[in-house]
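# Coordinate analysis (summary)
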Amino acid sequence: MSAVAYVHEQLTGKKEFPRFKAGDNVTVNYKIIEGSKERIQSFKGDVIKKQGTGATASFTVRKISDGIGVERVFPFYSPNVESVVLNKTGHVRRAKLFYQRKRSGKSARIREKRMAVATVAK
């Protein structure tokens, strides 16, 4: 292991997030610091991309707010990211969903991935 990778591993805190990918609908709860006060704010939207490895890994979430597209980049190992909640798993065929920026309304929807349910014989 290289020295740089070792230092990154020691300095970054290991957080447990659900496994998500581009196209999934997530809620990111992050800390907002206003003066001496702290509060948790949530940002709910679709994951547009995941990028990077190790301590520099990040993901971009996009939502539509009052008809305007808003994107926000969240570092995975930021101390301000409290939690990530997976709401829906999307069915997409791309790793980066930049085409979503041009779309609005019904064409901007992402289909939900259908999961197989196992039945138990009695």
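What follows concerns the overall build of the protein. Within the protein, the regular secondary structure consists of one helix and five strands. The helix and strand sequence of the protein, counted from the amino end, reads α-β-β-β-β-β. By the compact-globule yardstick of 14 Å for 122 residues, the protein is too spread out, its C-alpha radius of gyration being 17 Å. Considering the protein as a whole, with its 122 residues, one finds that 28% of them fall into the buried category. Looking at the protein alone, contacts between residues at least 24 apart form 51% of all its contacts between residues at least 6 apart. In the structure as shown, the protein presents an accessible area of about 9100 Å², 51% of it carried by carbon and sulfur atoms. When the 26 basic and 10 acidic side-chain charges of the protein are each reduced to a single mean position, those positions are 9 Å apart.

Strand pairing in a sheet relies on backbone hydrogen bonds, with the paired strands running either antiparallel or parallel. With respect to topology, five strands assemble into an open sheet ordered β4-β3-β2-β1-β5, the strand pairing being antiparallel. With partners counted over all chains shown, the strands left at the sheet margins are β4 (68-75) and β5 (81-88), one partner each. When the angles between neighbouring strand axes are averaged without regard to direction, this sheet yields 40 degrees. Of the strand pairs in this sheet, strand β2 (residues 37-51) and strand β3 (residues 58-65) are connected by five bridges, and their pairing is antiparallel. Bridging across to β3, Lys 50 finds its partner in Phe 59.

Reading guide: rules and limits
- Residues numbered from 1 in each chain as written.
- Predicted model: local features only at pLDDT ≥ 70, side-chain atom pairs only at ≥ 80, totals over all residues.
- Heavy atoms only, no water.
- Helix = DSSP H or I, 4+ residues; strand = E, 2+ residues; numbered from the N terminus.
- Rg over C-alpha atoms; globule rule 2.2 N^0.38 Å.
- Buried < 20%, exposed > 50% of the residue type's maximum accessible area, 1.4 Å probe, protein only.
- Contact = heavy atoms within 4.5 Å.
- Areas by Shrake-Rupley, 256 points an atom, 1.4 Å probe, with all protein chains shown as cover.
- Lys, Arg positive; Asp, Glu negative; His and termini not counted.
- Charge placed at Lys NZ, Arg CZ, Asp CG, Glu CD.
- Pairing = 2+ DSSP bridges.
- Axes fitted to C-alpha atoms, helices over the stretch in contact; angles between N-to-C directions.

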